[in-house]
Amino acid sequence: MADVLALVEARLRTGLGEPDARAAVTFLGTDRIEVLRFSDGNDGGLVRYATLGMSAQPMADPTAALADPVKGPRAELVLSVRAGLADTDKVLRPLAVLAASPQVEGLVVAPGASLDIGDPLWPGAPFTSVLVAESGGLVEDLELDAPMDPVRFLPLLPMTPNEAAWKRVHGAAALQERWLNSGTDLRDPLRKSVSLD
């Protein structure tokens, strides 16, 4: 497990640079989850938060009688927001909660899924949930020795409650198309809901 996490952290550093802060959260009955913060003044004032620990164990199908300790999808979560517009550092605990959900709730986190915290992602945030996007853009997937699945670094796109409800009816692809057609800045921590008429 420690070897996997060392490789994951090295891949995060390769893709995002050196973290300037990190926090650890442990939930009863789960492995420790860390959240690393990467700030890059040269990247349009973006701050990125990445989980570290979710990929230590493969995610197991909740209907399986016995979880495979080696095979199965592995992932970490990455959230990118514009710096200085909101107190986004308070997202550390909600991100750790999402990263622990495969262990706590038996969820398999995959692209197209919605993850809901039930509370604002940070103080004053218009978002209580996120859409899980496809991996491979910001941080490349990390291949592990067979028979282990690669670690995927899944971007999280914050959703307003209206967007989350609309996505449940129309699907993730339709919501992403709506965002694209509206020129929505998904990294704006204070953005309003996209028009859903």
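Starting from 1, residues in each chain are numbered consecutively following that chain's sequence as written. Selection of residues for local features in this predicted model requires a pLDDT of at least 70, selection of side-chain atom pairs for listing and counting requires 80 or more, and totals for whole chains, interfaces and linings are taken over all residues. The side-chain numbers reported here are obtained from all heavy atoms of the structure, hydrogens and water having been left aside.

*Asks:* Can you help me understand the overall build of the protein in this one?
*Replies:* Strands here are runs of E lasting at least two residues and helices are runs of H or I lasting at least four, both read from the DSSP assignment and numbered beginning at the N terminus. When helices and strands are counted, the protein shows 4 helices and 7 strands. Tracing the protein from N to C terminus, the helices and strands come up as α-β-β-β-β-α-β-β-β-α-α. For the protein, whose C-alpha radius of gyration is 16 Å, the value lies close to the compact-globule estimate of 16 Å for 197 residues. Based on the C-alpha atoms only, the size of the protein along its principal axes is roughly 45 × 40 × 30 Å. Residue burial in the protein is summarised as follows: out of 197 residues, 43% are buried. The reference for a compact globule is 2.2 Å times residues^0.38; the radius of gyration itself is calculated from the C-alpha atoms. Note on exposure labels: buried denotes an accessible area under 20% of the residue type's maximum, exposed denotes more than 50%, and partly exposed covers the range between, all computed with a 1.4 Å probe on protein chains only.

*Asks:* How should the packing of aromatic side chains be read in this particular structure?
*Replies:* Pairs of aromatic rings are described using the distance from one ring centre to the other and the angle between the two planes. For Phe, Tyr and Trp, where Trp contributes only its six-membered ring, two rings pair if their centres lie within 6.5 Å, and the inter-plane angle classes them as stacked under 30 degrees, edge-to-face over 60, or tilted in between. A full pass over the atoms with the stated rule returns 1 aromatic pair. Ring geometry for W122 against F127: centres 5.9 Å apart, planes inclined by 65°, an arrangement best described as edge-to-face.

*Asks:* I'm lost on the sheet that holds strand β5 (residues 114-116) in this one. Help?
*Replies:* Note on sheets: strands pair through backbone hydrogen bonds, and any given pair is parallel or antiparallel. A pair of strands is labelled paired if DSSP reports no fewer than 2 bridges between them. Taking strand neighbours across the sheet as the criterion, the 7 strands line up as β1-β2-β3-β4-β7-β6-β5 in an open arrangement whose pairing is mixed. What marks the edges here is a single partner per strand, and that holds for β1 (21-25) and β5. Strand-to-strand twist across the sheet, computed as the mean angle between neighbouring axes with direction ignored, equals 25°. Relative to strand β7 (residues 151-159), strand β4 (residues 74-82) is paired through 6 bridges, and the arrangement is parallel. For V78, the partnering residue across the bridge sits in β7 and is P155. The contact definition used throughout considers only heavy atoms, calling two residues in contact when any of these lie within 4.5 Å. All axes are obtained by fitting lines to C-alpha atoms, using only the stretch in contact for helices, and the reported angles, taken between N-to-C directions, cover 0 to 180 degrees. Strand contacts of helix α2 (residues 92-105): β1, β2 (33-40), β3 (46-52), β4, β5, β6 (129-132) and β7, with the helix running at about 135° to β2, the strand carrying the most contacts. Its contacts with the sheet place helix α3 (residues 161-170) against β5, β6 and β7, and it is angled at close to 115° to β7.

*Asks:* Could you clarify how one ought to interpret the packing of α3 against helix α4 (residues 172-181) in this entry?
*Replies:* Pairs of packed helices are described in terms of their axes, by the angle between the two and the distance that separates them. Across the interface, α3 lies against α4 with an axial gap of 7 Å and an inter-helix angle of 130°. Compared by their axis directions, α3 and α4 come out oblique. Across from E163, W166, K167 and H170 in α3, the residues of α4 making contact are A172, A174, L175, R178 and W179. Any residue that is not Ala, Val, Leu, Ile, Met, Phe, Trp, Tyr, Cys, Pro, Asp, Glu, Lys or Arg is counted as polar, Gly included; the first ten are nonpolar and the last four charged. Its residues assigned to classes, the contact of α3 with α4 shows 5 nonpolar, 1 polar and 3 charged. What sets the label is the angle itself: under 35 degrees gives roughly parallel, over 145 gives roughly antiparallel, 65 to 115 gives roughly perpendicular, and the rest give oblique.

*Asks:* Can you help me understand the environment of D68 in this one?
*Replies:* Tracing the backbone shows D68 in the loop between β3 and β4. Spatially, the C-alpha atom of D68 lies 7.6 Å from that of P58, the residues being 10 residues apart in sequence.

*Asks:* Looking at this structure, how should I read the pairing of β6?
*Replies:* Across a regular strand the side chains alternate sides, sitting on one face of the sheet and then on the other. Burial of the side chains of β6 extends over both faces: S129 and L131 are buried on one face and V130 and V132 on the other. Across 3 bridges, β5 lies against β6 in antiparallel orientation. Opposite L115, over in β6, you have V130 as the bridge partner. Of the pairings in the sheet, the one linking β6 to β7 comprises 4 bridges and is antiparallel in character. Paired with V132 across the strands is L156, a residue of β7.

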